[in-house]
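Architecture and fold: a report
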Amino acid sequence: MSTARNGGVEIFYEEFGDPGQPTLLLVNGLGSQCLNYDVSWCQLFCEEGFHVVRYDNRDVGLSTKLDGTDYALTDMANDAIAVLDAIGVDKAHVMGCSMGGMIVQRLALDHTDRLLSLTSVMSRTGEPGYGDSSEEALAFLLAPAAPSRAAYIDRQVAALHVYGSKPEWLDDDAIRARAAAAYDRCFCPEGIGRQMKAIMHDGSRSAGLADLDLPTLVIHGSRDTLINPSGGRHTAEVIPGARYVEIDGMGHDYPPPVWKEWVAVWSEFARHTVRT
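Residues numbered from 1 in each chain as written. Predicted model: local features only at pLDDT ≥ 70, side-chain atom pairs only at ≥ 80, totals over all residues. Heavy atoms only, no water.

Details of helix α1 (residues 39-47)
Think of an α-helix as 3.6 residues a turn; residues three or four steps apart then line up on the same face. Applied cut-off: The cut-offs for exposure are 20% and 50% of the maximum accessible area for each residue type, with area from a 1.4 Å probe on protein chains only; residues under the lower value are buried, those over the upper are exposed, and the others partly exposed. Elements are defined by DSSP. Helices are runs of H or I of four residues or more, strands are runs of E of two residues or more, and each kind is numbered from the N terminus. The directions from the helix axis to the C-beta atoms are what the arc is built from. The contact rule is simple, with two residues in contact once any of their heavy atoms fall within 4.5 Å. Polar contact is defined as a pair of N or O atoms within 3.5 Å, subject to the rule that within protein one atom must be able to donate a hydrogen and the other to accept it, and that residues adjacent in sequence are counted only when both atoms are side-chain atoms.
Turning to α1, its buried residues are Trp41, Cys42, Phe45 and Cys46. Down the axis of α1, the smallest arc covering the buried residues is 155°, so these residues share one side. The elements touched by buried residues of α1 are β2 (9-16), β3 (23-27), β4 (51-55), β5 (92-97) and α10 (259-271). Structurally, the start of α1 carries an N-cap: the backbone nitrogen of Ser40 is 2.8 Å from a side-chain oxygen of Asp38. Once α1 ends, the next one or two residues include Gly49, with phi positive near 100°.

Some thoughts on the environment of Met196
As for its position among the elements, Met196 is in helix α7 (residues 189-202). For the pair Met196 and Gly31, spaced 165 residues apart in the sequence, the C-alpha separation amounts to 9.1 Å. Apart from the residues lying within four places of it in its own chain, the contact partners of Met196 are Leu30, Leu141 and Leu142.

Quick notes on the pairing of strand β1 (residues 2-6)
What counts is decided by this rule: Strands are treated as partners if at least two bridges between them are detected by DSSP.
For β1 and β2, the ladder comprises 5 bridges, and the chain directions are antiparallel. Bridge assignment links Ser2 to a residue of β2, and that residue is Tyr13. Between β1 and β2, which follow one another and run antiparallel, lie 2 residues, and Gly7 among them has a positive phi close to 65°.

As for the environment of Ala77
One can find Ala77 in helix α2 (residues 73-87). A relative accessible area of 0% means that Ala77 is categorised as buried. Sequence separation of Ala77 and Met102 is 25 residues, and the distance between their C-alpha atoms is 9.3 Å.

As for the pattern of salt bridges
In plain terms, the rule: What makes a salt bridge here is a side-chain nitrogen of Lys or Arg within 4 Å of a carboxyl oxygen of Asp or Glu, nothing more.
For the structure on display, the rule yields 18 salt bridges. When the shortest N-O distance is used, the salt bridge between Glu10 and Arg5 registers 2.6 Å. What emerges from the salt-bridge pattern is a single network uniting Arg106, Asp110, Asp202 and Arg205.

Concerning the nonpolar core
Our working rule: Nine residue types can take part in a nonpolar core, namely buried Ala, Val, Leu, Ile, Met, Phe, Trp, Tyr and Cys, and a core is a set of them joined through side-chain atoms within 4.5 Å.
Counting 40 residues, the largest nonpolar core has Leu25, Tyr55, Val83 and Leu118 as its most contacted members. Looking at this core, the elements with two or more residues in it are β2, β3, β4, α2, β5, α3 (99-110), β6 (115-121) and α9 (229-238). Of the residues forming this core, the biggest block, 9 residues, is contributed by α2. Those residues in contact with Tyr55, other than ones at most four positions away along the chain, are Ile11, Phe12, Tyr13, Leu25, Leu26, Val27, Asn28, Cys34, Met76, Ala80 and Val83.

What to know about the pairing of β3
Short version of the rule: By convention a crossover is right-handed if, when the strands point away from the viewer, the path from the first strand over the helix to the second runs clockwise.
When you tally the buried positions in β3, you get 5 out of 5 residues, the bulk of the element. Of the two faces of β3, both are covered, the one formed by Thr23, Leu25 and Val27 as well as the one formed by Leu24 and Leu26. Pairing geometry for β3 and β4, over 4 bridges, is parallel. When the sheet's bridge partners are listed, Thr23 is paired in β4 with His51. In this view, the connection linking β3 to its parallel neighbour β4 by way of α1 has right-handed handedness.

Let's talk about the packing of α1 against α10
The angle between the axes and the distance between the axes are what describe a pair of packed helices. The test is simple: Axes here mean lines fitted to C-alpha atoms, for a helix over just the part in contact, with angles spanning 0 to 180 degrees between N-to-C directions. Whether a crossing is left-handed or right-handed is set by the direction in which the near helix is turned from the far one by less than a right angle, anticlockwise for left-handed and clockwise for right-handed. Each residue gets one label: Ala, Val, Leu, Ile, Met, Phe, Trp, Tyr, Cys and Pro are nonpolar, Asp, Glu, Lys and Arg are charged, and the others, such as Gly, are polar.
Where α1 meets α10, the axes come as close as 10 Å, and the angle between the chain directions of the two elements is 35°. In this structure, α1 crosses over α10, and the sense of that crossing is right-handed. In this structure, α1 contributes Ser40, Trp41, Leu44 and Phe45 to the contact, and α10 contributes Trp259, Trp262, Val263 and Trp266. Of the residues belonging to the contact of α1 with α10, the class tally is 7 nonpolar, 1 polar and no charged.

Some thoughts on the layout of surface pockets
The condition is simple: Two kinds of site are reported from a 1 Å grid over the protein atoms alone, namely cavities, where a 1.4 Å probe fits but cannot get out, and pockets, open sets with protein on both sides within 12 Å along at least five of seven lines, and residues are called lining when an atom falls within 4 Å of a point. Grid points are joined across faces, edges and corners, and a volume is the space filled by probe spheres set on the points.
In this model, the second largest pocket occupies a volume close to 240 Å³. Around the second largest pocket sit 16 residues that line it, and Ala174, Arg178, Tyr254, Pro255 and Pro256 are the ones nearest its centre. Looking at which element gives the most residues to the lining of the second largest pocket, the answer is helix α6 (residues 172-185), with 3 residues. Taken together, the residues of the lining of the second largest pocket break down into 11 nonpolar, 1 polar and 4 charged.

Function cannot be inferred from these measures alone, as they are strictly geometric.
So, in structure tokens, the structure goes:
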């Protein structure tokens, strides 16, 4: 088991592919474990010539739980730097989804010199009025913790039918299997609450992002109702030179039918990134 350390916080991480190739660091969303970046998906990036690293944010998965301790997105960005330090990578491409997009935005502001590029997916800048949730999607986000394993699994299926990709891309059996694996690996609803506080504490990053000098790709799904696509569009508008790609039919999830398009778009972007 590989872990990085940021002060008293241990961060679990896994590597795929050739460490001699450029590194892509994947950052998860709210309450999401590194399992969401499926091994087969990670391998697609490796086949494009990248070394891939996925990790558990603090308060989820196999990383440290911070009972009774609040923190900020700055701390979570520092966790990402600790992972890069642990694997001996000076500069990396970073990609984050949802809250992970917010973390990598903060990472770009606080540690620009450690990044080759920034990719923010299904996320927002924190500026009010952009990327708001629908009432139905927000109800799932704010619901009390599931009282049982079965209830947790059922809720994941129901949620993705509200804010996920188009129905023909949703595989309920696969969603159930992934939810069961996540629950059995770690169920820490208190940690999700602390992560939500970190998001709220960070506020709007728009002013800082407007001065950012870093190759940036912004990806969003057209069907996302948890973070409306206006969140992604605004992110791309704020960051100088950012490229915006909206994947038609994708929601607030990463179903296998979008993997090849996603990897192709990102790999083309990363190959044309030159940063010394």
